[in-house]
Amino acid sequence: MVIRFGRLGDTVLLQPLLHKLHLRYGQPCRLLALGDWPPALYSAAPEVAGCIPLDSQYGPLWLRPRRWRAALALRRLRGAPLYISEPLERTRTKVRPMLALAGVSPEHCTFIEDMPSIADEHWVDMLLRFGDTTPPAFRATCAPLASPVPAAPRLRASAAERTDAEAWLRGRGFAGRPLVLLQPANKRTMRWNGVRAAGDDDKSWPAQCWAALAHAISRQLPHAQVLFCGSPAEAGYLDALMSTVGRERPRIAAAALPLGRLKALLDTAHSMVSVDTGPGHLAAAMGCPLVVLMGSRSPRLWTPRSGAGSDVMVLGGLPAVRRVDEIATTQVLDAWRSLRWRQAAAMAAAVEDDAGAEAYSAGCAG
């Protein structure tokens with residue numbers, strides 16, 4: 001049993017730990033996590049037997065029905081080893097009441113925050129170290145693995161998700177085209193009352209920069225479909241962005257995508273450009289060539305990793321860059337061009353010269 005109260009990207013980064021525990025104990029894991037995305041993420045993962053959803057980690061236990069149900073699910077699994085992968089003390093205190101209510105023995109638990117920290121350690125590497133720990137009740141029967149597991153997430157789309165994505169592409173007239181995905185929003189973009197002010201979001205890249213990038217990609221790959229993507233909650237933001245892009249080009253579009261469909265599209269997409277957010281980590285885990293724009297976070301700790309070996313190019317991040325809007329459009333376009341694209345042999349598009357491409361980025365240096 002693994003417990004992690006993280007966002008989408010945090011849940012993607014759990015995959016190597018889940019894989020290691022599956023190998024160690026000989027049985028797939030159960031995952032207790034926030035949100036409704038874990039079942040979609042791990043729909044085709046042999047290392048996950050099921051997910052226990054939680055809508056919130058906060059508030060009194062008796063006022064949160066899902067927390068009660070989670071506690072009852074933990075009670076049924078209280079004989080299993082429990083790996084609590086949440087590093088924040090305030091969240092650990094939220095877990096303990098559920099563990100107590102479920103009757104889980106401390107001898108069956110191990111907490112990631114009890115491990116010694118290592119400076120500049122990537123989160124995946126820390127999780128894999130955590131996977132080598134063993135709850136006291138199992139130390140006599142479960143030894144650490146003799147061989148390492150891949151230190152990068154690897155996810156797959158289910159057959160149902162692939163069928164849904166193919167039907168969606170046909171219905172939109174996108175089937176048969178190389179698909180370049182652009183992910184402009186992150187979890188901070190939307191607030192309860194609308195779009196967060198750009199100055200309050202270090203991951204915000206100006207709309208005119210996204211428009212310039214989309215037009216440059218479309219000119220370089222005339223047969224490709226450039227698609228701005230986001231969650232259903234970000235649909236209004238995508239519509240506003242398309243007003244800057246212009247709707248006169250059918251090869252540049254936007255769509256709010258449920259997670260399972262996004263995952264299946266990433267499974268075959270030509271490439272993706274994303275701000276530092278969960279879908280970027282998902283793209284790398286699905287083997288989609290990726291350019292990621294980082295703000296005030298360290299690439300050493302949070303760079304997306306690809307278990308499939310696909311390219312991940314990082315721009316920005318500490319200590320050199322504190323805001324994504326410091327990154328020039330030409331930098332992003334050059335990084336995207338340097339990727340080992342999928343479907344490269346199928347491309348018959350004419351490549352525009354550098355001067356023509358950079359003309360689109362005038363006034364969008366960040």
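These lines cover the structure that appears in this document, whether it is placed above or below. Being a predicted model, the structure only gives us computed values, none of them experimental.

Some details on the sheet that holds strand S12 (residues 290-294)
In step 1: Strand order in this open sheet of 6 strands is S10-S9-S6-S11-S12-S13, and the pairing throughout is parallel. The two strands at the open ends of the sheet, each matched to only one other strand, are strand S10 (252-256) and strand S13 (312-316). Across this sheet, the average inter-strand angle for adjacent strands is 20 degrees, counted without regard to direction.
In step 2: Sheet analysis places strand S6 (residues 179-183) next to strand S11 (residues 271-275), joined by 4 bridges and oriented parallel.

Considerations on the packing of helix H10 (residues 259-266) against helix H11 (residues 278-285)
In step 1: Where H10 contacts H11, the two axes come as close as 9 Å, and the packing angle between them is 45 degrees. When the axis of H10 is compared with that of H11, the two are oblique. Our pair here, H10 against H11, has a crossing hand that is right-handed. Here Leu259, Leu262, Lys263 and Leu266 of H10 lie close against H11, whose contacting residues are Pro279, Leu282 and Ala283.
In step 2: Looking at the contact of H10 with H11 residue by residue, the class counts come to 6 nonpolar, no polar and 1 charged.

Observations regarding the environment of alanine 264
In step 1: You can see alanine 264 is positioned in helix H10.
In step 2: Taking C-alpha positions, alanine 264 is 7.8 Å from serine 158, a pair spaced 106 residues apart along the chain.
In step 3: When neighbours within four sequence positions are excluded, alanine 264 is seen to be in contact with Ala157, Glu161, Arg162 and Ala165.

Scoring rules and cut-offs
- Residues numbered from 1 in each chain as written.
- Predicted model: local features only at pLDDT ≥ 70, side-chain atom pairs only at ≥ 80, totals over all residues.
- Heavy atoms only, no water.
- Pairing = 2+ DSSP bridges.
- Helix = DSSP H or I, 4+ residues; strand = E, 2+ residues; numbered from the N terminus.
- Axes fitted to C-alpha atoms, helices over the stretch in contact; angles between N-to-C directions.
- Parallel < 35°, antiparallel > 145°, perpendicular 65-115°, else oblique.
- Left-handed = near helix turned anticlockwise from the far one by under 90°.
- Contact = heavy atoms within 4.5 Å.
- Nonpolar A, V, L, I, M, F, W, Y, C, P; charged D, E, K, R; others polar.

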